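Structural features, examined
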Amino acid sequence: MHQKIQNWYKAHGRTDLPWRNTDDPYPIWLSEVMLQQTQVKTVLERYYFPFLEKFPTLEALGNAPLDEVLKMWEGLGYYNRAKNLHKTAQILTQTQGSAPALPSKIEELMKLPGIGKNTAHAVAAFAFHQPVPVMEANVRRILCRIHAMEDANDKALWQIAYEMVDRDNPFAYNQAMMDIGATLCTPKAPQCERCPFEHICQGKHDPEHYPVKKRRTVPTREQHIMLNLYNNKLALTKREGKFLHGLWGFPATEVPLCAAEYIGEVTHAYTHFKLTCKVYLYDALEKTEDHYFTPKQIRRLAISKVDEKILNLYLDTVQ
Ligand code: SF4
């Protein structure tokens, strides 16, 4: 089986991805974090290279202000990822001094902010060539199908993954697993006839059945957003809560001012809920907030996708 996987990877694997052609743990870790919620194409075309150009080393990232890191992350969403990257780089820079490096042990990696079990395994396998498996969504699906598992039980999957990993070639094996999941063993209409696991796969007769999907209803949340305009500038606040922490944003209000004009709504889908923002514009005669910016200045700040949509709605309204 391992030989088949190696052959498949040589013939069909995405071997040219930049993070697969380096041994430097920093860009490997960065790519793992970016790819957690974002497609390869988006990461490759818009985020990976500019981020590394701005912060070429772990040390450069650790010494950078959070605002600049969030700006480079703008549009990728799930900003906790960027904050944890930054926090980890800061910890390593402060504790190790010049030329800091990520640890190679999985247990040590998992003590750092934002590094979970899969990311720690990916860094260990790809940067340090350790004989350990990775377990992202594509790999979970393959394992469930090969073993006809309806329930993707975490403990059982890790045990199977450890039994299956190619200890002689963990790098190519793990990359192949991710590529097979992304290109052949897709959620819908998998191409079993081309799959190197076809001869052992117990779920191939009804692959879409494995694992059984849990139905999930996504709740909707509604917010009133108040655009405070003064002297052609809009008020922004810096987010304090856990969600979108550190980003600039338009303030939400329980009850919009009577004198405010309703200008429309924007919606945004997060993983766990859908957000609808009803947007009001209030042209104030005096300054009531601490921070005001022109639309041009706002474009240079780190803001969330929702706030970007709100800014676009405002510009469409006034133009
Ligand atoms: S044989 Fe089909 S279901 Fe099984 S792992 Fe391959 S693509 Fe997935």
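Here we take up the environment of L157. Mapped onto the elements of the fold, L157 is located in helix α10 (residues 154-164). Overall, the relative accessible area of 0% leaves L157 in the buried class. Residues L157 and R140 lie 17 residues apart in sequence; the distance between their C-alpha atoms is 7.1 Å. Those residues in contact with L157 that lie beyond four places of it in its chain are M135, R140, L143, C144, M149 and A152.

Take the site of the ligand next. Near the ligand the following residues occur: R145, C185, C192, C195, E198, C201 and P207. Here the residues of the shell around the ligand are counted per class, giving five nonpolar, no polar and two charged.

To continue, consider the packing of aromatic side chains. Counting across every chain of the model gives eleven aromatic pairs. Ring geometry for W19 against Y48: centres 5.0 Å apart, planes inclined by 70°, an arrangement best described as edge-to-face. Of this pair, W19 sits in the loop between α1 (2-12) and α2 (25-34) while Y48 sits in helix α3 (residues 40-54), and the two are 29 residues apart along the sequence. Exposure class is identical for W19 and Y48. Each is buried. Seen in terms of ring centroids, F51 and W73 are 5.9 Å apart; in terms of plane orientation they differ by 80°. Their pairing is edge-to-face. Highlighted residues: F51 in helix α3 and W73 in helix α5 (residues 66-73), separated in sequence by 22 residues.

Criteria and thresholds
- Residue positions are given per chain, counted from 1 along the sequence in the order it is written.
- Selection of residues for local features in this predicted model requires a pLDDT of at least 70, selection of side-chain atom pairs for listing and counting requires 80 or more, and totals for whole chains, interfaces and linings are taken over all residues.
- Only hydrogens and water are set aside when side-chain values are computed; all heavy atoms of the structure are taken into account.
- Secondary structure counts use DSSP, requiring at least four H or I residues in a row for a helix and at least two E residues in a row for a strand, with both numbered from the N terminus.
- Working definition: with a 1.4 Å probe on protein chains only, accessible area under 20% of the residue-type maximum means buried, over 50% means exposed, and in between means partly exposed.
- Two residues qualify as a contact provided that any one of their heavy atoms is within 4.5 Å of a heavy atom in the partner residue.
- If a single non-hydrogen atom of a residue is within 4 Å of a molecule or strand, that residue counts as near it.
- All amino acids are sorted into three groups, where Ala, Val, Leu, Ile, Met, Phe, Trp, Tyr, Cys and Pro are nonpolar, Asp, Glu, Lys and Arg are charged, and the leftover types, Gly among them, are polar.
- Two rings from Phe, Tyr or Trp (for Trp, the six-membered ring) form a pair when their centres are within 6.5 Å of each other. A pair whose planes differ by under 30 degrees is stacked, one over 60 is edge-to-face, and the rest are tilted.

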